[in-house]
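# Fold and contact review
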Amino acid sequence: EPEVTQTPSHQVTQMGQEVILRCVPISNHLYFYWYRQILGQKVEFLVSFYNNEISEKSEIFDDQFSVERPDGSNFTLKIRSTKLEDSAMYFCASSGQNYEQYFGPGTRLTVT
Amino acid sequence: AQSVTQLGSHVSVSEGALVLLRCNYSSSVPPYLFWYVQYPNQGLQLLLKYTSAATLVKGINGFEAEFKKSETSFHLTKPSAHMSDAAEYFCAVSDMGQAGTALIFGKGTTLSVSS
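Residue positions within a chain follow its written sequence, with the count starting from 1. Here the convention is simple: chains get letters from A, ligands get numbers from 1, in the order in which they are written. The predicted origin of the model limits local features to residues at a pLDDT of at least 70 and limits the giving and counting of side-chain atom pairs to 80 or more, whereas totals for whole chains, interfaces and linings rest on all residues. No hydrogens and no water enter the side-chain calculation; it runs on all heavy atoms of the structure.

### What to know about the environment of Phe74 of chain B
All names here are of chain B. Under the DSSP-based scheme used, a helix requires at least four consecutive residues in state H or I and a strand at least two consecutive residues in state E, with every element numbered from the N terminus. Relative to the helices and strands, Phe74 resides in strand S9 (residues 73–78). Accessibility expressed as a relative area gives 0% for Phe74, which makes it buried. Along the sequence, Phe74 and Asn24 sit 50 residues apart, while their C-alpha atoms lie 6.2 Å from each other. Residue contacts are counted whenever heavy atoms from the two residues lie within 4.5 Å of one another. In contact with Phe74, not counting residues within four places along its chain, are Cys23, Leu33, Phe34, Trp35, Leu48, Lys49, Tyr50, Val57, Ala65, Glu66 and Phe67. The buried label goes to any residue with under 20% of its type's maximum accessible area, the exposed label to any with over 50%, and the partly exposed label to all in between, with areas taken from a 1.4 Å probe on protein chains only.

Have a look at this one:
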């Protein structure tokens, strides 16, 4: 069964460093998403991406965040200058033409 | 703006007992509603969805949920809990039901099942 994959599973970085989280969506999907879950809090929407551009973003998704689909298979989330409060589990998801979003296993980002 | 409230951050049941996980939503338009399950160290898996068709929705692993507009609820139930049901469950809402639309999640409910 096709699935969304994410790498790495755990990333530790120092405050102020740039990180790139990677995702491989399901191959025939066209819509891609990033969500995050801070420990003990709810899963929050960050951004959705379609046809090589952002289709929707939340207020969390400020200038320090960016997304890219650098090739035909990967979808990345970049955080330019990480802060302690960026520590969270980051989930990638993808969907086809319908509304069913399929989630990856997540990347746990720890900022020290 | 839509929102989701899950009553009870932790629910404990015995194996074989009824599972009831509560979800209430707030939406200004007819919503699309979802339940996701997250097993330890895994991603979110779609259990079931409501898309304005039948109000009683059946999902995977014997779970079902009933959409009650008058109560703005979408509670998840399973008649008989199994040890393998122990996981975290998230209710989510989308007011567009279109691809590319954000899902708004509740805080989640951890289900524990004892033998």
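The rest of the description comes next.
### Some thoughts on the pairing of strand S5 (residues 43–50) of chain A
Residue and element names in this part refer to chain A. When you tally the buried positions in S5, you get 6 out of 8 residues, the bulk of the element. Of the strand pairs in this sheet, strand S4 (residues 31–37) and S5 are connected by 7 bridges, and their pairing is antiparallel. Opposite Arg36, over in S5, you have Glu44 as the bridge partner. In this analysis, strands are considered paired if DSSP registers two or more bridges between them. Where S4 folds back onto S5 in an antiparallel hairpin, the turn is made up of 5 residues, including Gly40, whose phi is positive at roughly 85°. In terms of strand pairing, S5 meets strand S6 (residues 53–57) through 4 bridges, oriented antiparallel. Looking at the pairing, Phe49 lines up with Ile54 of S6. Linking S5 to S6, which pair antiparallel, is a turn of 2 residues; within it Asn51 sits at a positive phi near 55°.

### Focus: the interface of chain A and chain B
Taken together, the contact pairs 21 residues of chain A with 22 residues of chain B. Simply put, the buried area is the total loss of 1.4 Å probe accessible area from both parts when two parts are fitted together. Carbon and sulfur atoms make up 60% of the surface buried where chain A meets chain B, a total of about 1700 Å² over both sides. A side-chain nitrogen of Lys or Arg and a carboxyl oxygen of Asp or Glu constitute a salt bridge if their distance falls within 4 Å. For the salt bridge of Glu100 of chain A with Lys49 of chain B, the shortest nitrogen-to-oxygen distance reads 2.6 Å. Polar contacts, as used here, are pairs of N or O atoms within 3.5 Å; protein pairs need one atom able to donate a hydrogen and one able to accept it. Residues neighboring in sequence count only if both atoms are side-chain atoms. Our count for the chain A to chain B interface comes out at 5 residue pairs in polar contact (both at pLDDT 80 or more). Going through the elements one at a time, S4, S5, S6 and strand S9 (88–95) of chain A are the ones with two or more residues in the side of chain A that touches chain B.

### Section: the sheet that holds strand S3 (residues 19–24) of chain A
Residues and elements named next belong to chain A. Spatial strand order, S1-S3-S8-S7: 4 strands in an open sheet with antiparallel pairing. Of all the strands in the sheet, the pair left with one neighbour each is strand S1 (5–7) and strand S7 (65–68). If you compare each strand with its neighbour and ignore which way they point, the axes differ by 20° on average. Relative to S3, S1 runs antiparallel, the two being bridged by 3 bridges. In the strand pairing of S3, Gln6 is matched with Cys23. Fitted lines through C-alpha atoms serve as axes, helices being fitted only where they are in contact, and the angles separating the N-to-C directions of these axes extend from 0 to 180 degrees.

### Concerning the state of the cysteines
Put simply, a disulfide is two cysteine sulfurs that come within 2.5 Å. If you walk through the whole model with that rule in mind, you get 2 disulfides over all chains. Between the sulfur of Cys23 of chain A and that of Cys92 of chain A lies a disulfide, 1.9 Å long from S to S. When the S-S torsion is -65°, as for the bridge of Cys23 of chain A with Cys92 of chain A, the disulfide is left-handed. With Cys23 of chain A in strand S3 and Cys92 of chain A in strand S9, this pair connects stretches of sequence that are 69 residues apart. Each of the two residues, Cys23 of chain A as well as Cys92 of chain A, counts as buried. Paired by a disulfide, Cys23 of chain B and Cys91 of chain B hold their sulfur atoms 1.9 Å apart. The chirality of the disulfide connecting Cys23 of chain B with Cys91 of chain B is left-handed, given an S-S dihedral of about -65°. Residue Cys23 of chain B is located in the loop between strand S3 (19–21) and strand S4 (24–26), and its partner Cys91 of chain B is located in strand S10 (residues 87–94); the two are separated by 68 residues in the primary sequence.

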